[in-house]
Amino acid sequence: MPADGGWGHRSSAGRAAPEQRTGPQNHMTEGLRLAVVTGLSGSGKSSAIKVLEDLGFYCIDNLPVALIPRFVELRQSSGEEVRRVALGLDARDRHFLDEFPRVFEELRGRGVALEVLYLDASDDVLVHRFSETRRPHPAAGGGGLADAIRREREKLQPLREIADRVLDTSALTVHELRSALRDLVDHPEAGTMTIALVSFGYKYGLPTDADLALDCRFLPNPFFVEELRTKTGADPAVADWVLRREEAAEFLRHVLDLLDFTLPRYQREGKSYLTIALGCTGGRHRSIVLVDELSRRLAARGHRVLARHRDAER
């Protein structure tokens, strides 16, 4: 996925998206719904704003945080049908990190349905994106790119911690980003939790958005079976080879038991989105098989499940 602006930079003027009048699901009759898109520079914030605009949001990029309450007040009193708004915010607003706790608390106190989406990406991906675009990092200050990314990551950590959802864009395609954002904004009925299952390779690092990571490298590896090496876990032959192992069957039983215990308690604490990452060495065989099998079993139990294979094509 390209860095911010890869699909066209959003102006600060904002405009209604073409889908805003396609049906009642695009309105919140009980009040304004506000999605705040923020995160690391180069993680895809402007791209996400563009996608949300296509999904029916009235979008504004880089609105100063101090102006948000006044903007919301104007939207609430306008009487217009557009009830879903997305704001792109980042640390270039020097008052942002000081002001956002007070502003967010004020908005929620007014009854605004406020959701904070924090976009993240691995350091090597961010370095690659900035190198491709030849854009200076806003936190560089004459120093190196890697140091600028580290400083910004540390600076934004408090914001990441209060986010409703953290989305790792390191390996997302345009279509995968759109799907992830659609899931964020088109909520199921109240009280329903979405379980996102992600396969990955440890050699490429942990997914930054994982709530829970499970290591599958103890299982026999199909990579060492010549006729399976070039296939992925999506191939029935690989899936059958992995799932026939008693260790795999027992592992799946334990994972399901763990989720039976934890999911109701996560929901009781108000968590609506849980990301579980399953990793093997390269992210192409065992982890894919287990993600697909867990997806099938959890869906059969009535859970809302999304599956993604981060490193399948590496």
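Overview of the overall build of the protein chain
Here is step 1: Across its full length, the protein chain holds nine helices and nine strands.
Here is step 2: The proportion of buried residues among the 314 residues of the protein chain is 48%.
Here is step 3: Considering only residue pairs separated by 6 or more positions, the protein chain has 81% of its internal contacts joining residues 24 or more positions apart.
Here is step 4: Split by element, the accessible area of the protein chain, about 14,900 Å² in all, is 51% carbon and sulfur.

Notes on helix α4 (residues 123-133)
Here is step 1: Among the residues making up α4, those that are buried are Val125, Leu126, Arg129 and Phe130. The buried residues of α4 all sit within an arc of 130° when viewed along its axis, so they share a single face. In α4, the exposed positions angled more than 90 degrees off the buried face are occupied by Asp124 and Glu132.
Here is step 2: Those residues of α4 that are buried are in contact with α5 (145-162).
Here is step 3: Directly beyond the C-terminal end of α4, a positive phi value near 60° is found at Arg134.

Some points on the environment of Ala113
Here is step 1: With respect to the helices and strands, Ala113 occurs in strand β4 (residues 113-120).
Here is step 2: The class of Ala113 is partly exposed, set by a relative accessible area of 30%.
Here is step 3: The spacing of Ala113 and Leu34 is 79 residues in sequence and 6.0 Å in space, taken between C-alpha atoms.

Quick look at the sheet that holds strand β7 (residues 212-215)
What links the strands of a sheet is backbone hydrogen bonding, and the strands pair in either a parallel or an antiparallel sense.
Here is step 1: Strand order in this open sheet of four strands is β7-β8-β6-β9, and the pairing throughout is parallel. Of all the strands in the sheet, just β7 and β9 (304-309) have a single pairing partner and so form its edges. Direction aside, the axes of adjacent strands within the sheet are offset by 20° on average.
Here is step 2: Bridging between strand β6 (residues 194-201) and β9 involves six bridges; their strand directions are parallel. Counted as the bridge partner of Thr194 is Arg304 from β9.
Here is step 3: Across the sheet, helix α8 (residues 246-268) is in contact with β6, β7 and β8 (273-280); its angle to β8 comes to roughly 160°.
Here is step 4: Sitting on the sheet, helix α9 (residues 286-300) touches β6, β8 and β9, and the angle it makes with β6 is about 170°.

Observations concerning the sheet that holds strand β2 (residues 58-61)
Here is step 1: Spatially, β2-β3-β1-β4-β5 is the arrangement adopted by the five strands of the open sheet, whose pairing is parallel. The open sheet has two free edges, formed respectively by β2 and β5 (165-168), since each of these has just one partner strand. Pairs of neighbouring strands in the sheet enclose a mean axial angle of 20°, with direction left out of account.
Here is step 2: In this sheet, β5 lies alongside β4 in parallel orientation, the contact comprising four bridges.

Regarding the confidence of the model for the protein chain
Here is step 1: On average, residues of the protein chain carry a pLDDT of 83, and 86% of them reach 70 or more.
Here is step 2: In this model, residues 2-30 is a region of pLDDT below 50 whose contacts with residues beyond four sequence positions or in other chains number 68 contacts.

Some thoughts on unusual backbone geometry
Here is step 1: Positive phi, close to 65°, is recorded for Asn62, a residue that is not glycine.
Here is step 2: One can find Asn62 in the loop between β2 and α2 (68-78).
Here is step 3: With a relative accessible area of 32%, Asn62 lands in the partly exposed category.

Comments concerning the environment of Phe251
Here is step 1: Within the secondary structure layout, Phe251 lies in helix α8.
Here is step 2: In this structure the C-alpha to C-alpha distance between Phe251 and Leu290, which are 39 residues apart in sequence, comes to 9.4 Å.
Here is step 3: Here Phe251 is in contact with Leu214, Cys216, Phe218, Leu278 and Leu290, once residues within four sequence places are set aside.

Observations concerning the pairing of β4
Here is step 1: β4 sits mainly inside the fold: seven of its eight residues count as buried.
Here is step 2: The pairing of strand β1 (residues 33-39) with β4 spans seven bridges and is parallel. Counted as the bridge partner of Ala35 is Glu115 from β4.

What to know about the packing of aromatic side chains
Here is step 1: Under the definition given, this model contains five aromatic pairs.
Here is step 2: For the ring pair Phe218 and Phe251, a centre distance of 5.4 Å and an interplane angle of 65° mean the geometry is edge-to-face. You can see Phe218 sitting in the loop between β7 and α7 (236-243) and its partner Phe251 sitting in helix α8, a full 33 residues away along the chain.
Here is step 3: Put simply, the rings of Phe96, Phe100 and Phe104 pair up and form one aromatic cluster.
Here is step 4: Arg165 extends its terminal NZ or CZ atom over the ring of Tyr273, reaching a point 3.9 Å from the ring centre.
Here is step 5: The side chain of Arg245 reaches across the aromatic face of Trp241, ending 3.9 Å from its centre.

Thresholds applied
- Residues numbered from 1 in each chain as written.
- Predicted model: local features only at pLDDT ≥ 70, side-chain atom pairs only at ≥ 80, totals over all residues.
- Heavy atoms only, no water.
- Helix = DSSP H or I, 4+ residues; strand = E, 2+ residues; numbered from the N terminus.
- Buried < 20%, exposed > 50% of the residue type's maximum accessible area, 1.4 Å probe, protein only.
- Contact = heavy atoms within 4.5 Å.
- Areas by Shrake-Rupley, 256 points an atom, 1.4 Å probe, with all protein chains shown as cover.
- Arc of directions from axis to C-beta.
- Pairing = 2+ DSSP bridges.
- Axes fitted to C-alpha atoms, helices over the stretch in contact; angles between N-to-C directions.
- pLDDT = per-residue confidence, 0-100.
- Phe/Tyr/Trp six-rings, centres within 6.5 Å; stacked < 30°, edge-to-face > 60°.
- Lys NZ or Arg CZ within 6 Å of the ring centre and 35° of its normal.

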